[in-house]
Amino acid sequence: MNVKVLKPYGFCAGVEYVIKTLDKAVNDNNGKQVYCIGDLVHNDEVINFVKSKGVKVISGNKEEAIDSIDFGVVVFSAHGTSDKIIQKAIDKGLVVYDAACPFVKKELLDIKKYIEKDYDVLFIGVPGHDEANAVLSISSKIHLIARLSDVEQININNKKIVVINQTTLSTDELHYIHFAIKKRFPYAVFEDEICNSSRIRQKMLLSEANDYDLVIVVGDKHSNNTQTLFKMAKEKYCNAINISSKEQLHTFDLHKTQNVLILSGASVMKEKVEEIIKFLKNL
Ligand code: SF4
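On a predicted model such as this, the values are computed, not experimentally measured, just so you know.

J.: Explain the site of the ligand to me, using residue names and the numbers behind them.
T.: Every residue lining the ligand is accounted for by C12, G14, C101, F103, T167, T168, C195, N225 and A266. Of the residues in the shell around the ligand, the class split is 5 nonpolar, 4 polar and no charged.

In structure tokens, the structure reads:
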């Protein structure tokens, strides 16, 4: 079987940073219980690795998680957390590490700067995602655009409008939504916040010129950057599948498959992708 893997694959710089931050939290606070608030990244293997270090992972509502902890160290997840919740943890005397990806931190900072200058923010993002929740907690002047049709529903009486987006969106989809916003609000200012990892992986997929019997997108179904890649792969190649481990390949009939393209989300271990490549090459 011919197998091509799109580069880069393995962890992005943001995920590396999150894991380093967690290591530091464990090493610098010997003996204290370390809690991860929210899934550190959207990848079960990384979460299991984190748990193997004795870290307790509390998913779900972050504020309730902080309410339930009276002592110890808390590490906030890669996707960003509201200032109010971080402050609550500090006020409780917990040792706090914010492991938000530097791209997410920059986005939150940019939004705050525009809010201070009296802008309304149109935030293009995924409802319910931690990153979108962190953004929306900043101000009531932030309006979530989840899909193209939302652009028509927005009512703002302010000539100062900035358009900012979640870091892991599709460059293509963003382009269409920007176009619609430009038509409705020609005076709007645009800030493109797609992170380097998402941008490069999407670009590599879009510029791929060959045909394949099968396209495999490796990554978690809760990972937005993976799901963006998967959606783009399905649009380009109708025979795209999303798996998170080699074992899931057993459910597919691969006997007639000869040419395979593999790409991976940003929170998938390099070794995991290489396991899949090895498995396919040995078929
Ligand atoms: S995918 Fe992008 S936003 Fe998410 S952790 Fe990696 S670099 Fe940061």
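Additional details are given in the paragraphs that follow.
J.: Talk me through the packing of aromatic side chains; I want residue IDs and the actual numbers.
T.: The relation between two aromatic rings is expressed through the spacing of the ring centres and the mutual angle of the planes. In the structure shown here, the tally under the stated rule is 3 aromatic pairs. Between the aromatic rings of Y114 and Y119, the centroid separation amounts to 4.9 Å while the plane-to-plane angle is 80°, which identifies the pairing as edge-to-face. Here Y114 and Y119 have matching classes, each one buried. On the basis of an interplanar angle of 75° and a centroid distance of 6.0 Å, the ring pair of Y212 and Y237 is categorised as edge-to-face. Note that Y212 is positioned in the loop between helix 9 (196-207) and strand 10 (214-218) and Y237 in the loop between helix 10 (224-236) and strand 11 (240-243), a separation of 25 residues in sequence. Overall, Y237 belongs to the buried group, its relative accessible area being 5%. The ring centre of F190 lies 5.1 Å from the NZ or CZ of K182, which sits over that ring.

J.: Account for the nonpolar core, naming residues and giving values.
T.: Nonpolar side chains tend toward joint burial in soluble globular proteins. Of all hydrophobic cores here, the largest spans 21 residues; its most connected members are L40, V50 and V75. Mapped by element, the contributors of at least two residues to this core are helix 1 (13-28), strand 2 (34-37), helix 2 (44-52) and strand 4 (73-76). Among the elements that line this core, the one with the most residues is helix 1, at 5 residues. Discounting residues that sit within four places of it in the chain, L40 has contacts with V18, L22, I47, V50, V75, S77, A78 and H79.

J.: Now, about the pairing of strand 1 (residues 2-5): what can you tell me, with residues and values included?
T.: Along any regular strand, the residues point their side chains to alternate faces of the sheet. Side chains of strand 1 alternate between two faces, with V3 and V5 buried and N2 and K4 left unburied. Strand direction decides the pairing type here: strand 1 and strand 12 (residues 259-264), joined by 4 bridges, are parallel. Across the sheet, the residue bridging to N2 is N259, located in strand 12.

J.: So what's going on with the domain arrangement of the chain? Residues and values would help.
T.: Taken as a whole, the chain is organised into domain 1 (2-10 + 197-281), domain 2 (13-100) and domain 3 (103-194). A separation of 27 Å is found between the C-alpha centroids of domain 2 and domain 3. Every contact between the two is made by 12 residues of domain 2 and, on the other side, 8 residues of domain 3. With both sides pooled, the region where domain 2 packs onto domain 3 buries about 760 Å², and carbon together with sulfur makes up 54% of that total. When residues of domain 2 are sorted by the area they lose upon contact with domain 3, H79, S82 and A100 head the list and together hold 45% of the total. Our count for the domain 2 to domain 3 interface comes out at 2 salt bridges.

What counts as what
Every chain begins its residue count from 1, and numbering advances along the sequence as written. Residue-level local features of this predicted model are given only where pLDDT is at least 70; pairs of side-chain atoms are given and counted only at 80 or more, and the full residue set underlies all totals for whole chains, interfaces and linings. As a rule here, side-chain values come from all non-hydrogen atoms in the structure, and water together with hydrogens is ignored. We call a residue near a molecule or strand whenever a single non-hydrogen atom of that residue lies within 4 Å of it. Each residue is assigned to one of three groups, with Ala, Val, Leu, Ile, Met, Phe, Trp, Tyr, Cys and Pro labelled nonpolar, Asp, Glu, Lys and Arg labelled charged, and all others, Gly among them, labelled polar. Whether two aromatic rings pair depends on their centres lying within 6.5 Å, for rings of Phe, Tyr and Trp, where Trp uses its six-membered ring; planes under 30 degrees apart make the pair stacked, over 60 edge-to-face, and the rest tilted. Burial classes follow relative accessibility: with a 1.4 Å probe on protein chains only, a residue under 20% of its type's maximum area counts as buried, one over 50% as exposed, and anything between as partly exposed. Elements are defined by DSSP. Helices are runs of H or I of four residues or more, strands are runs of E of two residues or more, and each kind is numbered from the N terminus. Comment: the charge-over-ring label is applied if NZ (Lys) or CZ (Arg) is within 6 Å of the ring centre and within 35 degrees of the ring normal. We call a set of buried residues a nonpolar core when its members are Ala, Val, Leu, Ile, Met, Phe, Trp, Tyr or Cys and they connect through side-chain atoms within 4.5 Å of each other. For this analysis, residues touch if any pair of their heavy atoms sits within 4.5 Å. Strand pairing requires that DSSP identify at least two bridges connecting the strands. Where each domain starts and ends follows an automatic or database-derived domain assignment. Buried surface area refers to the total accessible area, computed with a probe of radius 1.4 Å, that the two partners give up upon joining, counted for both partners together. When a carboxyl oxygen of Asp or Glu lies within 4 Å of a side-chain nitrogen of Lys or Arg, that pair is called a salt bridge.

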